[in-house]
Amino acid sequence: MADIVPGAEIIFQTRRKPIRAAALAFLGGILLVQQLPELPSLWWGLALLPLLWLGMHRSWWIFPLFFVAGVVWAIFRAGLILQDSLPLTIEGQDIIVVGRIADIPQKTEFGQRFKLVVTQAEFDRKPVYVPRQILLTSRDVTFQPRAGEIWRLLVRLNRPHAYQNPGGFDYEAHLFRNRIRAKGYVRDDIAPQRLDDGTAWLDIDRLRQNLGDRIRAQLPDNPYSGIVVALVNGDSRGLSAEQWQTLRRTGTIHLVAISGLHISLVGGIVFFIGRRLWALAGKTVLRIPAPVFGAMAALLAACVYAALAGFVIPTQRALIMLAVAMSGILLRRRFAHSRLLAFALLAVLVYDPLSIMAAGFWLSFAAVAVILLVLNRDRIGAGQNLVYKWGYIQWAIALGMLPLMLVMFQQVSVVAPLANLVAVPVFDLVTVPLCLAGALSLGVLPDAVAGIFFHVAAEVLRLLWKVLAPLSELPFSQWSQPAPAWWALLIGTGGAVLLLAPRGWPARWIGGIFLLPLFMARPLAPAMGETWFTLLDVGQGLAAVVRTHGHVLVFDAGPRLGAFDTGAAVVEPYLRANGVRRIDTLIISHGDNDHIGGAESILRALPVGVVLSSVPDKLPAATLCQSGHTWNWDEVEFTMMNPITIGSSRANNDSCVLQIRSQYGIVLLPADIEARAERQLIARWGARLRSDVLVAPHHGSKTSSTPEFIDAVAPRFVLFPVGYRNRHRHPNVTVVRRYMERGVHWRDSPSSGALEFSLDADGINYSAYRERHRRYWYANNAP
């Protein structure tokens, strides 16, 4: 361990220098770096020299030593990734790349998505540098790459850029953590050329893909084949949306991933079997003790199982944790459980400090800590039966993970303890062994014989689903709320630990009181007469939220891109993060995908009072929006200004146009209207069009924002809801210049993320989420 963790030899000199404090300090240093908008200089590493000397003479200097070590280590590793960036000069240009297909390509509604490890690239017939790992998509149905193959492709790449919204998933962080430093698509100007089929050498990813194909061939049209494949090779992309929903609502989603639970299960089974078999011969234990042989066999089996999952980051973390757990056996020493957990934490962070960016890191360590806390007779109770003990552990895990779940996901499964009580034994004692037995049989037995194991596993899953599906459909199965504040997290965590304290601990019941702040914190809301307006970042599309003192309006829902839509990925998380449980009015301005695409998900996720649209036939229970329709909420007036007349084409000019007017300011949402509709609005409304905040018509297209319209509205702010480097080249340069010549302050979605405006007694103020929440891995995009 001293060779693994820098400076670890210091903490082995005396028991007074605790590994636990060192591990937490190292974690704290890495956490600090992850909150910074810019990566600090590595010169901070010079502080390690005096701290190292002090730590060798005074034990309490261990904490600052490891804290600074964590900071420096995170800076160093993150800096290496940032250096592997796409040059700005070739962003958006046609580049020829040669590389190996890494991981299993994912089929989408429009073609393929796959990861490419680049070995060479050229631009304009000259060698250029591109990041080592890139993420590509292709719409060519004839292009069917397989893992391990070498291809020559014509691609167009961009730097990683993703939506940035309160409550939303940080996809840029996800790409950064996975070392993907460019993404793009395959161009068809030059046909893809396969240079090597990859069969000349052993490729783990190719083996995984072939294994998945053979399993699916044995389970044709079986709805549970995706889960069986996921348990064997880690490819969980075959699960249906309904199955993901069931697993999410019952808190059993961790069971379909090859992670710590399953790897520990495989390691444990092989350990006990290997130890028994090694001891049978008798003389073998004289050379290698049976427990040591069992530990080595367990680590080997765990490595093989992790390889089947492609050695993805969660399996790497699980392997390290298992290796640390087995170290006591291999070294023939006894370690306290908390020390082993601290060693595992240090080892994982040294191996990959960016693992803290994944929710799985926190959940896996928290779950293990809770189990270690309760797994003794003082807490569970001597003489209790196995079912009681198993149920107590599930309750303890649910309670111990509660604060983390609310902070990370703003929701928690209420039925998770009951669902896991049944599902974990079924998965780990029946389904996973059956799936692995089938996978091993594929190598030595005919596929039809090996398929028996997969059929039995799928049948077990079908029976289990008869339990999970009804639980997920219960109206109270999932609790959702805004994320609690940091102080509520600290108090709530203390409350959970107190409730899990040993029997006889004084005043354990107070822990329940300490949990209350987790549920009582509520986001702020506008006062009477105030308006809070948010233009969400949905790329090349439109979605906005208007909040008054007691009402919520959603204007458009952003695009739908295959199975992904911004209604579910952006709008719903934003509303939940702000404590919104009901939408009073949903307006879908017109039928273009970039405005209506996410509407179905919004209607399914939250109750909606009124739905207005210029295309009511495309939405359930919707009514036609009409010019002149006015209503008042909380001293704020809402006026529908368009469509004045519904055209036969029902196109952009028929879009619903909404104006929000309060005593503190006016907001105008003209959707995708073009010059003709702008002239009609001027003729119909005249000076009433004047607004302080304007969302640019049609994303800043040259077909809109005529000089006459801009003069009629006379905005102080104009907002361009556009996608990063979008193919329409919105906003048009001439249009932007037109606003700038009139002194209008302008912002766009790619450089700002979500734009949040408050219209109140202090005037009109706004904040850009990408700036307010900036992290060092964000793309540095000026407007």
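A.B. asks: Honestly, the overall build of the protein chain in this entry has me stumped. Any pointers?
C.D. replies: The helix and strand tally for the protein chain stands at 28 helices and 26 strands. For the protein chain, whose C-alpha radius of gyration is 29 Å, the value lies close to the compact-globule estimate of 28 Å for 783 residues. Dimensions of the protein chain, computed from the C-alpha atoms along their principal axes, are close to 100 × 70 × 60 Å. Within the span of the protein chain, comprising 783 residues, buried residues form 52% of the whole. For the protein chain, the computed accessible surface area is about 35,400 Å², with 61% contributed by carbon and sulfur atoms. Here the protein chain holds 75 positive side-chain charges and 56 negative ones, and the gap between their average locations is 11 Å.

A.B. asks: Just checking my understanding: could you explain the nonpolar core for this structure?
C.D. replies: General note: in soluble globular proteins, nonpolar side chains tend to be found buried as a group. With 54 residues, the main nonpolar core has Ile215, Ile227, Val228, Ile263, Tyr305 and Phe427 as its most contacted residues. Contributions of two or more residues to this core are made by helix 6 (204–218), helix 7 (225–233), helix 9 (260–280), helix 11 (290–308), helix 12 (313–330), helix 17 (416–441) and helix 18 (447–473). The greatest single-element share of this core, amounting to 11 residues, is contributed by helix 18. Contact partners of Ile215, with chain neighbours within four places excluded, come to Val228, Val229, Val232, Leu442 and Phe454.

A.B. asks: What should I look at first to understand the pattern of salt bridges in this one?
C.D. replies: When the charged atoms of two side chains lie near each other, side chains of opposite charge can form a pair. Under the counting rule described, the total for this entry stands at 24 salt bridges. A salt bridge links Arg216 to Asp235, with the shortest nitrogen-to-oxygen separation between them at 3.6 Å. Taken together, the residues span a long stretch of sequence, with Arg216 in helix 6 and Asp235 in the loop between helix 7 and helix 8 (241–249) at a distance of 19 residues.

A.B. asks: Teacher, can you tell me more about the sheet that holds strand 18 (residues 630–633) here?
C.D. replies: What holds strands together in a sheet is hydrogen bonding between their backbones, with the strands either parallel or antiparallel. Pairing is mixed across the open sheet formed by seven strands, whose spatial order is 18-19-20-21-22-23-24. The open sheet is flanked by strand 18 and strand 24 (745–748), the only strands paired with a single partner. Across this sheet, the average inter-strand angle for adjacent strands is 15 degrees, counted without regard to direction. Pairing of strand 18 with strand 19 (residues 636–642), which is carried by four bridges, proceeds in the antiparallel orientation. By the bridge assignment, Asn632 is partnered in strand 19 with Glu637. Against the sheet, helix 24 (residues 675–685) makes contact with strand 19 and strand 20 (657–662), and its axis sits at roughly 125 degrees relative to strand 19, the strand it touches most.

A.B. asks: Looking at this structure, I do not really get helix 8. What am I missing?
C.D. replies: It helps to recall that an α-helix has 3.6 residues per turn; residues three or four apart then point in one direction. Turning to helix 8, its buried residues number three or more, namely Gln243, Thr246, Leu247 and Arg249. In the stretch just after helix 8, Gly251 is the one whose phi turns positive, near 70 degrees.

A.B. asks: Mind showing me how you'd approach the packing of aromatic side chains here?
C.D. replies: The description of an aromatic ring pair uses the distance of the two centres, along with the angle that the planes make with each other. In the structure shown here, the tally under the stated rule is 25 aromatic pairs. Taking the centre distance of 5.7 Å and the plane angle of 80 degrees together, the rings of Phe176 and Tyr776 count as edge-to-face. On the criterion of sequence distance, the pair formed by Phe176 in helix 5 (residues 171–177) and Tyr776 in the segment after helix 28 (769–772) is long-range, its members being 600 residues apart. Neither Phe176 nor Tyr776 differs from the other in exposure class; each is buried. Pairwise contacts between aromatic rings join Phe176, Tyr776, Trp777 and Tyr778 into one cluster. Against the face of Tyr778 rests Arg770, its NZ or CZ located 5.3 Å from the ring centre.

A.B. asks: Explain the sheet that holds strand 11 (residues 544–547) here, please?
C.D. replies: In spatial order, the strands read 17-16-15-12-11-10-25-26; together these eight strands make up an open sheet with mixed pairing. The two strands at the open ends of the sheet, each matched to only one other strand, are strand 17 (623–624) and strand 26 (763–768). For strand 15 (residues 583–588) and strand 16 (residues 608–613), the ladder comprises five bridges, and the chain directions are parallel. Within strand 16, the position partnered with Thr585 by the bridge is Val610.

A.B. asks: Explain a nonpolar patch on the surface here, please?
C.D. replies: A contiguous nonpolar patch, built from Trp486, Trp487, Leu490, Ile491, Trp509, Ile513, Phe514, Leu516 and Met520 and spanning about 1,000 Å² of accessible area, is present on the exposed surface. For the nonpolar patch, the secondary-structure elements that each account for two or more residues are helix 19 (486–499) and helix 20 (510–520). Given the relative accessible area of 64%, Trp486 is considered exposed.

A.B. asks: Whenever I open this one, the pairing of strand 19 confuses me. Can you help?
C.D. replies: A regular strand places its side chains on the two faces of the sheet in alternate fashion. Counting buried residues in strand 19 gives six out of seven residues, a clear majority hidden from the surface. Counted between consecutive antiparallel strands, the loop separating strand 18 from strand 19 contains two residues, among which Asp634 sits at a positive phi close to 50 degrees. As defined by bridge partners, strand 19 adjoins strand 20 across five bridges and the pair is classed as antiparallel. Within strand 20, the residue paired with Glu637 across the bridge is Arg661.

A.B. asks: Would you mind going over the packing of helix 19 against helix 20 with me for this structure?
C.D. replies: In helix packing, the relevant descriptors are the interaxial angle and the interaxial distance, both defined with respect to the helix axes. Between helix 19 and helix 20, the shortest axis-to-axis distance is 7 Å and the interhelical angle comes to 155 degrees. Regarding the angle of helix 19 to helix 20, the classification is roughly antiparallel. Between helix 19 and helix 20 lies a crossing whose hand is left-handed. On helix 20, the residues that touch Trp487, Ala488, Leu489, Ile491, Gly492, Gly495, Ala496, Leu498 and Leu499 of helix 19 are Ile510, Gly511, Gly512, Phe514, Leu515, Pro517 and Leu518. Among the residues forming the contact of helix 19 with helix 20, the class breakdown is 12 nonpolar, four polar and no charged.

A.B. asks: What am I meant to see in unusual backbone geometry here?
C.D. replies: Excluding glycine, most residues fall at negative phi; most peptide bonds, likewise, are trans. For the peptide bond that leads from Asn642 to Pro643, omega is 10 degrees, which places it in the cis range. With an omega of -5 degrees, the peptide bond running from His730 to Pro731 counts as cis. Non-glycine residue Gln410 carries a positive phi angle of around 55 degrees. For Gln410, the location among the structural elements is in the loop between helix 16 (386–409) and strand 8 (411–413).

A.B. asks: In this structure, what is going on with the environment of Val97? I would like to understand it.
C.D. replies: With respect to the element layout, Val97 can be found in strand 1 (residues 94–108). Overall, Val97 belongs to the buried group, its relative accessible area being 0%. Between the C-alpha atoms of Val97 and Ala577, which are 480 residues apart in sequence, the distance is 42 Å. In contact with Val97, other than residues within four places in its own chain, are Leu116, Val118, Gln120, Ala121, Trp151, Arg152, Leu153 and Val155.

A.B. asks: Is there a simple way to explain the side chain of Gln34 in this structure?
C.D. replies: Positionally, Gln34 belongs in helix 2 (residues 19–34). Polar contacts involving the side chain of Gln34 include one to the side chain of Tyr776, which spans 3.0 Å. Contact partners of Gln34, with chain neighbours within four places excluded, come to Leu354, Ile356, Met357, Arg775, Tyr776 and Trp777.

A.B. asks: I keep staring at the packing of helix 8 against helix 18 and nothing clicks. Help me out?
C.D. replies: One way to put it is that helix 8 packs onto helix 18 with a least axis distance of 9 Å and a crossing angle of 75 degrees. Judged by the inter-axis angle, helix 8 sits roughly perpendicular to helix 18. Each of Gln243, Thr246, Leu247 and Arg249 in helix 8 lies in contact with helix 18, whose residues at this interface are Trp465, Leu468, Ala469 and Ser472. Here the residues of the contact of helix 8 with helix 18 sort into four nonpolar, three polar and one charged.

A.B. asks: What am I meant to see in the side chain of Ser441 here?
C.D. replies: Checked against the element boundaries, Ser441 lands in helix 17. If near-sequence neighbours (up to four positions away) are discounted, Ser441 is found in contact with Ala450 and Phe453.

Cut-off values and rules
- Residues numbered from 1 in each chain as written.
- Predicted model: local features only at pLDDT ≥ 70, side-chain atom pairs only at ≥ 80, totals over all residues.
- Heavy atoms only, no water.
- Helix = DSSP H or I, 4+ residues; strand = E, 2+ residues; numbered from the N terminus.
- Rg over C-alpha atoms; globule rule 2.2 N^0.38 Å.
- Buried < 20%, exposed > 50% of the residue type's maximum accessible area, 1.4 Å probe, protein only.
- Areas by Shrake-Rupley, 256 points an atom, 1.4 Å probe, with all protein chains shown as cover.
- Lys, Arg positive; Asp, Glu negative; His and termini not counted.
- Charge placed at Lys NZ, Arg CZ, Asp CG, Glu CD.
- Core = buried A, V, L, I, M, F, W, Y, C linked by side-chain atoms within 4.5 Å.
- Contact = heavy atoms within 4.5 Å.
- Salt bridge = Lys/Arg side-chain N within 4 Å of Asp/Glu carboxyl O.
- Pairing = 2+ DSSP bridges.
- Axes fitted to C-alpha atoms, helices over the stretch in contact; angles between N-to-C directions.
- Phe/Tyr/Trp six-rings, centres within 6.5 Å; stacked < 30°, edge-to-face > 60°.
- Lys NZ or Arg CZ within 6 Å of the ring centre and 35° of its normal.
- Patch = residues over 30% accessible without salt bridge, like charges linked within 9 Å, V, L, I, M, F, W, Y side chains within 5 Å.
- Parallel < 35°, antiparallel > 145°, perpendicular 65-115°, else oblique.
- Left-handed = near helix turned anticlockwise from the far one by under 90°.
- Nonpolar A, V, L, I, M, F, W, Y, C, P; charged D, E, K, R; others polar.
- Polar contact = N/O pair within 3.5 Å; in protein donor to acceptor, adjacent residues only side chain to side chain.

Treat this as a map of the structure, not an account of what it does.
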